[in-house]
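# Structural description and commentary
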Amino acid sequence: MNDDLKEMLLALRMLRLAAHWDDDLKEAARQRMSHATLLTHVVEQEYRLKCDRARQQRIQRARLPEPWTLETFPFERQPKLNRKAILALYDTMDFLPKGQNLIWLGGTGCGKTGLASSFLRHAIERGATGRYVLFADLVAELYQSVAFHTQEQILKKYLRWDVLLIDEIGYVEVEPVQVALFFTLMHKRHRKKPTLIASNLGFSEWGSFLKNDHLTAALIDQLTEASHVINMKQCVSLRTQLAPDS
């Protein structure tokens, strides 16, 4: 390959072909490919590379804390968890086109974040865009947006994700303005796409950190209207199981 051709391929971002030009020609000669077969092979390889690169970029933008997958979740250590129902949701992913929320409720260390993150990653693998965010960071950003008059901009940023995972709801108390903005974000008129929620508190306890009974009831109603609630309150802490014997 001459330098001019290589420059053109790089300008077109056909990186795989630029790197494997000679290999492709040798393989085409070895298999006696027709021109059409060779062109088809080149296009298919470029397409796969671009799809894989786009997938990796979506995963990076999601800011997942760990590369969890459902295949590595220790279901055998959580016998009270409805494995069959969770696998059915994971395999079909039909909550995506239906815009249904998935809500995990359970104590610290029982695996809520791992399960929710594996669903988010699986959705991204299937072509969706997604974002992981801690509840504390989200409400802090919403609160800051009031001072800078950027509420609409911040809300739009979180509304555009195909799947939004909000983790650790219940660990921090929030101010009234934060509750109002969070309710606005979660309202079905605005957030029409799936939201994944992980909370260490049951719904009956949400009033303790939201500190507004009316908005708490309205928020729970919005989140659960079209949702799957995975109750992990009876599940044990995996961290405790991993602790050394005393």
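What follows deals with the nonpolar core. For soluble globular proteins, nonpolar side chains are generally found buried alongside one another. Counting residues in each nonpolar core, the largest one holds 30 residues, and the members touching the most others are Leu81, Trp104, Leu115, Phe119 and Leu196. Listed by contribution, the elements that provide at least two residues to this core are α3 (35-62), α4 (83-92), β1 (101-106), α6 (112-125), β3 (163-169) and β5 (227-232). In this structure, Phe135, Val139, Val179 and Leu210 belong to the second largest nonpolar core, which totals 29 residues.

Here we take up unusual backbone geometry. The phi dihedral of His149 is positive, around 55°, even though this residue is not glycine. In this fold, His149 is placed in the loop between α7 (135-147) and α8 (151-159). What makes His149 exposed here is its relative accessible area of 68%. Despite not being glycine, Glu168 shows a phi value in the positive range, around 60°.

As a further point, take the side chain of Ser118. Checked against the element boundaries, Ser118 lands in helix α6. On the accessibility criterion, Ser118 (1% relative accessible area) is buried. Separated by 2.6 Å, the side chain of Ser118 and the backbone oxygen of Leu115 make a polar contact. Dropping the residues within four chain positions of it, Ser118 is found in contact with Trp68, Thr69, Leu70 and Tyr90.

We now examine the pattern of salt bridges. Counted according to the given criterion, the structure contains 12 salt bridges. A salt bridge links Glu27 to Arg30, with the nearest nitrogen and oxygen atoms 2.7 Å apart. Placement of both Glu27 and Arg30 in helix α2 (residues 15-31) is noted, with a separation of three residues, approximately one turn of the helix. Judged by its relative accessible area of 26%, Glu27 is partly exposed. Its salt-bridge partner being Lys156, residue Glu152 comes within 3.2 Å of it at the nearest N-O pair. Within this pair, Glu152 and its partner Lys156 are both found in helix α8, separated by four residues, close to a single helical turn. Each member of the pair, Glu152 together with Lys156, is exposed. Among the ionic contacts, a cluster of salt bridges with common partners joins Asp52, Arg55, Arg121 and Glu125.

By the criterion of burial, strand β4 (residues 195-199) is predominantly enclosed, with five of the five residues buried. Of the two faces of β4, both are covered, the one formed by Thr195, Ile197 and Ser199 as well as the one formed by Leu196 and Ala198. Pairing geometry for β1 and β4, over four bridges, is parallel. Counterpart to Ile103 in the pairing with β4 is Ile197.

What follows is about the packing of helix α9 (residues 176-186) against helix α11 (residues 213-224). Closest axis-to-axis distance for the α9/α11 pair is 10 Å, and the angle between their directions is 20°. As far as their axial angle goes, α11 and α9 are roughly parallel. As α9 packs across α11, the resulting crossing turns out to be left-handed. Side by side, α9 and α11 meet where Val179, Ala180, Phe182, Phe183 and Met186 of the first sit next to Leu215, Ala218, Leu219, Gln222 and Leu223 of the second. Here the residues of the contact of α9 with α11 are counted per class, giving nine nonpolar, one polar and no charged.

To continue, consider the sheet that holds β1. With respect to topology, five strands assemble into an open sheet ordered β2-β3-β4-β1-β5, the strand pairing being parallel. Looking at strand neighbours, the two that pair on one side only are β2 (130-134) and β5, the edges of this open sheet. Across the sheet, the mean angle separating the axes of adjacent strands is 10° when strand polarity is ignored. Here β1 runs beside β5; their pairing, made up of six bridges, is parallel.

Moving on: the environment of Leu210. Within the element layout of this structure, Leu210 appears in helix α10 (residues 207-210). For Leu210, a relative accessible area of 3% translates into the label buried. Separated by 64 residues in sequence, Leu210 and Val146 place their C-alpha atoms 18 Å apart. Not counting residues up to four positions away in its chain, the partners in contact with Leu210 are Phe135, Val174, Val179, Thr216 and Leu219.

Calculation rules
- Residues numbered from 1 in each chain as written.
- Predicted model: local features only at pLDDT ≥ 70, side-chain atom pairs only at ≥ 80, totals over all residues.
- Heavy atoms only, no water.
- Core = buried A, V, L, I, M, F, W, Y, C linked by side-chain atoms within 4.5 Å.
- Buried < 20%, exposed > 50% of the residue type's maximum accessible area, 1.4 Å probe, protein only.
- Helix = DSSP H or I, 4+ residues; strand = E, 2+ residues; numbered from the N terminus.
- Polar contact = N/O pair within 3.5 Å; in protein donor to acceptor, adjacent residues only side chain to side chain.
- Contact = heavy atoms within 4.5 Å.
- Salt bridge = Lys/Arg side-chain N within 4 Å of Asp/Glu carboxyl O.
- Pairing = 2+ DSSP bridges.
- Axes fitted to C-alpha atoms, helices over the stretch in contact; angles between N-to-C directions.
- Parallel < 35°, antiparallel > 145°, perpendicular 65-115°, else oblique.
- Left-handed = near helix turned anticlockwise from the far one by under 90°.
- Nonpolar A, V, L, I, M, F, W, Y, C, P; charged D, E, K, R; others polar.

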